[in-house]
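# Overview (structure and organization)
The chain contents come next:
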Amino acid sequence: MFSTRIIERKQAKLEEKLGISLHRYEVGEVEDRAEHLKALLTEDSKLLRPLRPAELEFINNENLLCGIDFPYWCSRYCHIQYDGGGFGLMRDWDSQRIMMDRIAKIEERDWDKKERGETSSGIRVMVHKARQLGLTAKSRALVMHGLMFSQHINSMSASIDDDKILELYNRDKDVYDNLPWWMKPEIGFDVKAEHLQFAKLNTRSLYQQA
């Protein structure tokens, strides 16, 4: 879901299995369609009318594509607080692209090992980073994407003090709270700066001091 080569192979398998063709919408069109769908909800989160076939097709397309394509999801649905003020979609910095390119190469290595019948160690990255490189924000996006588009996943996020743990939790909630309603998994437990769980997916994130 990080390497272009792997994403293309996953997409081809998914399209063959479901008999569909997935489409990548530009950012502006995604925003327009998301606003249109948001306007169909009442204040108590009920639909004003049944969704039309084209609307259902778009929702299905986006949920399927985002599940196998992290860059697509991150550039169209992942909202963050900007350093220096402001709020909006994540905009990749060079430092973030360097990290993601490395992760993509590891994914390709592991995919090739799996196809050869060899044991794969998974994607394990230790980032000795300087400040203000945007890598914490990108890491939170990676964690949230994994929790929302996978099943039976456990995550632990730790920091040195309570304030920084709260900061990690708040970043994650920013991502979740600003997703369109049709992409949000149902929350089972949500304890501020302690525990976030998506019930039907059986995925959870623990926040701890360490």
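First, a word on scope: everything that follows refers to the structure included in this document. (Residues numbered from 1 in each chain as written. Predicted model: local features only at pLDDT ≥ 70, side-chain atom pairs only at ≥ 80, totals over all residues. Heavy atoms only, no water.)

Quick look at the side chain of histidine 145 now. For histidine 145, the location among the structural elements is in helix H6 (residues 135-148). Excluding residues within four positions of it along the chain, histidine 145 makes contact with Met1, Cys66, Gly67, Phe70 and Trp73. (Helix = DSSP H or I, 4+ residues; strand = E, 2+ residues; numbered from the N terminus. Contact = heavy atoms within 4.5 Å.)

The next thing to look at is helix H2 (residues 27-38). For H2, which comprises 12 residues, the first-to-last C-alpha distance of 16 Å matches the rise-based estimate of 16 Å (1.5 Å per residue) to within 8%. By the burial criterion, the buried members of H2 are Val30, Ala34 and Leu37. Each buried residue of H2 lies within a common arc of 65° when the element is viewed along its axis, so the set occupies one face. Exposed and oriented more than 90 degrees from the buried face of H2 are Asp32 and Glu35. Considering only its buried residues, H2 is in contact with helix H3 (53-68) and helix H4 (70-77). (Expected span 1.5 Å × (residues − 1). Buried < 20%, exposed > 50% of the residue type's maximum accessible area, 1.4 Å probe, protein only. Arc of directions from axis to C-beta.)

Core analysis: the largest hydrophobic core is formed by 47 residues, its most contacted members being Trp73 and Tyr77. Mapped by element, the contributors of at least two residues to this core are H2, H3, H4, helix H5 (94-115), H6, helix H7 (162-177) and strand S5 (195-198). In contact with tyrosine 77, not counting residues within four places along its chain, are Val30, Phe58, Glu62, Cys66, Leu89, Leu179, Pro180, Trp182 and Met183. (Core = buried A, V, L, I, M, F, W, Y, C linked by side-chain atoms within 4.5 Å.)

Any pair of aromatic rings gets described here by the distance separating the centres and the angle formed by the planes. With the rule as written, the count across this model stands at eight aromatic pairs. A connected cluster of aromatic rings, assembled from ring pairs, spans Phe2, Phe70, Trp73 and Phe149. When the ring centre of tyrosine 176 is taken as origin, the NZ or CZ atom of lysine 184, which lies over that ring, is 5.4 Å away. (Phe/Tyr/Trp six-rings, centres within 6.5 Å; stacked < 30°, edge-to-face > 60°. Lys NZ or Arg CZ within 6 Å of the ring centre and 35° of its normal.)

Let us look at the pattern of salt bridges. The tally for this structure, following the rule as stated, stands at 15 salt bridges. A salt bridge links arginine 49 to glutamate 55; the shortest N-O distance between them is 2.7 Å. Take glutamate 55: its relative accessible area is 9%, and that puts it in the buried class. Bridged by salt links that share partners, the residues Arg5, Glu108 and Asp112 form one connected network. (Salt bridge = Lys/Arg side-chain N within 4 Å of Asp/Glu carboxyl O.)

Turning our attention to a nonpolar patch on the surface. Where nonpolar side chains cluster on the molecular surface, the patch consists of Ile123, Val125 and Val127 and spans about 210 Å² of accessible area. Structurally, isoleucine 123 is set in the loop between H5 and H6. (Patch = residues over 30% accessible without salt bridge, like charges linked within 9 Å, V, L, I, M, F, W, Y side chains within 5 Å. Areas by Shrake-Rupley, 256 points an atom, 1.4 Å probe, with all protein chains shown as cover.)

Here we take up helix H1 (residues 4-18). The end-to-end C-alpha separation of H1 is 21 Å, in line with the 21 Å expected for 15 residues at 1.5 Å each. Taken together, the buried positions of H1 are Ile6, Ile7, Gln11, Leu14 and Glu15. One side of H1 carries all its buried residues, which in axial view fall inside an arc of 160°. Exposed residues lying more than 90 degrees from the buried face of H1 are Glu8, Lys13, Glu16 and Lys17. Among the structural elements, H3, H4 and H5 are those in contact with the buried residues of H1. Structurally, the start of H1 carries an N-cap: the backbone nitrogen of arginine 5 is 3.2 Å from a side-chain oxygen of serine 3. Glycine 19 sits one or two positions beyond H1 and adopts a positive phi of about 65°. (Polar contact = N/O pair within 3.5 Å; in protein donor to acceptor, adjacent residues only side chain to side chain.)

All right, on to the packing of H1 against H5 then. When two helices pack together, their arrangement is given by the angle between their axes and by how far apart the axes lie. Across the interface, H1 lies against H5 with an axial gap of 9 Å and an inter-helix angle of 55°. As far as their axial angle goes, H5 and H1 are oblique. Contact with H1, carried on its side by Arg5, Ile6, Arg9, Lys10 and Lys13, involves Glu107, Glu108, Trp111, Asp112 and Glu115 of H5 and no other residues of that element. Across the contact of H1 with H5, the residue classes tally to two nonpolar, no polar and eight charged. (Axes fitted to C-alpha atoms, helices over the stretch in contact; angles between N-to-C directions. Parallel < 35°, antiparallel > 145°, perpendicular 65-115°, else oblique. Nonpolar A, V, L, I, M, F, W, Y, C, P; charged D, E, K, R; others polar.)

To continue, consider the sheet that holds strand S4 (residues 187-191). In spatial order, the strands read S3-S6-S5-S4; together these four strands make up an open sheet with mixed pairing. Both outer strands of the open sheet, strand S3 (154-159) and S4, are each paired with one neighbouring strand and no more. Across the sheet, the axes of successive neighbouring strands diverge by a mean angle of 10°, strand direction being ignored. (Pairing = 2+ DSSP bridges.)

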